[in-house]
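A look at the structure
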Amino acid sequence: LPISVGAAISGPLIARRLSSWGPRRVLLTVASISSFSLVFIAFFNGAAFWTIFACLIVGLTSPPIQQVARSIYPSLITAKQTSYLFSLDATLQELLWVFGPVSATLITATYSSASAVIFMATVQITGTYLFAKNPEISGMKIPKSKRRLGGILRKPIVMANFLINLTLVATFGGAEVGTVAVLGIAASGVVIAALSLGSIIGGFAFGHRAKTKWALLKFLAVVMVGYSAVFLNPTDLVWITICWFVTGIGVAPAFATMASMISVSFGTADSAEAYGWSNTGQLIGYAIGAAIAGVVIDHVDAQAAWFVSCLAGGISILIALVTVRFNPAMNQKDS
């Protein structure tokens, strides 16, 4: 939780430093602090307060690789290629969600939890260094935004993006907590992985098809179909797996579409902060979804978590519907 809180706070703040310090300097500085904090967590055996504090530092200094990468994409491609690249970006993130937890679990089981944390620190600092070493990044200049911190949220497309990211990821919190409660820990890993698998397939197959203002609504509708269908047989392992797979088909395309909207709507000076707010929305959303799901499971039953996912998914669709008129065409760009 402290890591998520820290990352939610730091996303927009670090993005603002990219213009004044330069992307390479920001990336290497925060990655070094974050990785050192992970090493501290791995070896420290003292009071829990210091471990919690170190976790907060890890979150506060999370490298803004996603914001930097997505800000530089427009300079590498044509406007017509935007949806393709952001679809690939969102799909590859799903691969990380599949292999990351599996790798951490295997290392923990084979060696120790400390070894898994050291592995994460090594991957983070190595990956950030290699990313920052690219000439496109080391030579990247981000103009200083003319807006105050948070001023970008006054743009309807950014606020809509923030709220939809929040509510969409809140559905994951309900689904994951509910899956564990209904099926148990042993089976839940495979079932939840089906959602990521569906997202990977959906990203490659449909993510680049976001050509109209209504594309996001269509992808969110697919997500909602999967969540709603689970009520037909809410405790069956196979059926829940199928439902989560269907849900996943709309996930990566939805994220790719929202990222593309930011890319074609703003210049480099503002897009990094806009992506930072999107990331903050996701972190807040998961925390809220998981927390509410836990409460309803305790006071109602395990299957009640499905209502949390459906409610959050319904809200995301409502927001997307109300704000559809602000969605940009994917083959245009303005500042």
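Scroll up to find the structure.
The following paragraphs examine the structure supplied in this document. (Residues numbered from 1 in each chain as written. Predicted model: local features only at pLDDT ≥ 70, side-chain atom pairs only at ≥ 80, totals over all residues. Heavy atoms only, no water.)

**Considering the overall build of the chain**
Scanning the chain from terminus to terminus reveals 13 helices and zero strands. Ordered by position in the sequence, the α and β elements of the chain form the string α-α-α-α-α-α-α-α-α-α-α-α-α. At 20 Å, the chain has a C-alpha radius of gyration in line with the 20 Å of a compact globule built from 335 residues. Looking at the 335 residues of the chain, the share that counts as buried comes to 48%. In the chain, the proportion of contacts linking residues at least 24 apart, taken out of those at least 6 apart, comes to 84%. Within the structure as shown, the chain displays about 15700 Å² of accessible surface, and the carbon and sulfur contribution to it stands at 70%. The average position of the 20 basic charges and that of the 10 acidic charges among the side chains of the chain differ by 18 Å. (Helix = DSSP H or I, 4+ residues; strand = E, 2+ residues; numbered from the N terminus. Rg over C-alpha atoms; globule rule 2.2 N^0.38 Å. Buried < 20%, exposed > 50% of the residue type's maximum accessible area, 1.4 Å probe, protein only. Contact = heavy atoms within 4.5 Å. Areas by Shrake-Rupley, 256 points an atom, 1.4 Å probe, with all protein chains shown as cover. Lys, Arg positive; Asp, Glu negative; His and termini not counted. Charge placed at Lys NZ, Arg CZ, Asp CG, Glu CD.)

**Things to note about empty space enclosed by the protein**
Any empty space left between the atoms is revealed when a probe the size of a water molecule rolls over them. Applying the stated criterion across every chain, the model contains two cavities of 30 Å³ or more. Estimates place the volume of the largest cavity at around 70 Å³. Surrounding the largest cavity, 13 residues form its lining, Ile164, Leu216, Met261, Thr323 and Asn327 being those nearest its centre. Breaking the lining of the largest cavity down by element, the ones donating at least two residues are helix H8 (156-183), helix H10 (215-229) and helix H11 (237-265). (1 Å grid on protein atoms, 1.4 Å probe; cavity = no way out; pocket = protein on both sides within 12 Å on 5 of 7 lines; lining within 4 Å. Points joined across faces, edges and corners; volume = space filled by probe spheres on them.)

**A closer look at the side chain of Ser37**
Relative to the elements of secondary structure, Ser37 occurs in helix H2 (residues 23-43). We classify Ser37 as buried; its relative accessible area is 7%. Discounting chain neighbours no more than four positions away, the residues touching Ser37 are Ala54, Ile57 and Val58.

**What to know about the nonpolar core**
Counting residues in each nonpolar core, the largest one holds 69 residues, and the members touching the most others are Val158, Leu168, Leu216, Tyr227, Trp244 and Phe255. When near neighbours in sequence (up to four residues on either side) are disregarded, Val158 contacts Ile152, Leu153, Ile262, Phe266 and Ala274. Counting residues in hydrophobic clusters, the runner-up holds eight residues, among them Leu38, Ile41, Val58 and Val117. (Core = buried A, V, L, I, M, F, W, Y, C linked by side-chain atoms within 4.5 Å.)

**What about the pattern of salt bridges?**
Under the criterion given, the structure shown has two salt bridges. We note a salt bridge from Glu273 to Arg16, for which the minimum N-O separation is 2.8 Å. With Glu273 in helix H12 (residues 268-299) and Arg16 in helix H1 (residues 2-21), the pair connects residues that are 257 residues apart, well separated along the chain. Arg70 serves as the salt-bridge partner of Asp89, at 2.9 Å between the closest nitrogen and oxygen. In this pair, Asp89 is assigned in helix H5 (residues 82-110) and Arg70 in helix H4 (residues 65-76), connecting sequence segments 19 residues apart. Residue Asp89 is classed as buried on the basis of its relative accessible area, which comes to 12%. For Arg70, a relative accessible area of 7% translates into the label buried. (Salt bridge = Lys/Arg side-chain N within 4 Å of Asp/Glu carboxyl O.)

**Quick notes on the packing of H2 against helix H3 (residues 48-60)**
Running from N to C, H2 and H3 point in directions that differ by 155 degrees, and their axes come no closer than 8 Å. As summarised for this structure, H2 and H3 are arranged roughly antiparallel, according to the angle between their axes. Our pair here, H2 against H3, has a crossing hand that is left-handed. Contacts between H2 and H3 pair Ile33, Ser34, Ser37, Leu38, Phe40 and Ile41 from the former with Trp50, Thr51, Ala54, Cys55, Ile57 and Val58 from the latter. A breakdown of the residues in the contact of H2 with H3 according to their chemical character gives nine nonpolar, three polar and no charged. (Axes fitted to C-alpha atoms, helices over the stretch in contact; angles between N-to-C directions. Parallel < 35°, antiparallel > 145°, perpendicular 65-115°, else oblique. Left-handed = near helix turned anticlockwise from the far one by under 90°. Nonpolar A, V, L, I, M, F, W, Y, C, P; charged D, E, K, R; others polar.)

**Describing the environment of Glu273**
A relative accessible area of 3% places Glu273 in the buried class. Spatially, the C-alpha atom of Glu273 lies 27 Å from that of Gly314, the residues being 41 residues apart in sequence.

**Let's talk about the packing of aromatic side chains**
Each pair of aromatic rings is reported with the distance of its centres and the angle of its planes. Under the defined criterion, the tally for this structure stands at eleven aromatic pairs. Ring centres of Phe40 and Phe44 lie 4.7 Å apart, and the angle between their planes is 20 degrees; on these two criteria the pair is classed as stacked. Among the residues examined, Phe40 registers a relative accessible area of 30% and is labelled partly exposed. The class of Phe44 is partly exposed, set by a relative accessible area of 26%. Arranged with centres 6.1 Å apart and planes meeting at 85 degrees, the rings of Trp50 and Phe53 form a pair that is edge-to-face. Of this pair, Trp50 and Phe53 are both found in helix H3, three residues apart, which corresponds to roughly one turn of the helix. Three or more aromatic residues link up through ring pairs in this structure, and these residues are Phe49, Trp50 and Phe53. In this structure, Arg25 is placed above the aromatic ring of Trp21, and the distance from its NZ or CZ to the ring centre is 5.5 Å. The aromatic ring of Tyr275 is capped on one face by Arg70, whose charged end is 5.8 Å from the ring centroid. (Phe/Tyr/Trp six-rings, centres within 6.5 Å; stacked < 30°, edge-to-face > 60°. Lys NZ or Arg CZ within 6 Å of the ring centre and 35° of its normal.)

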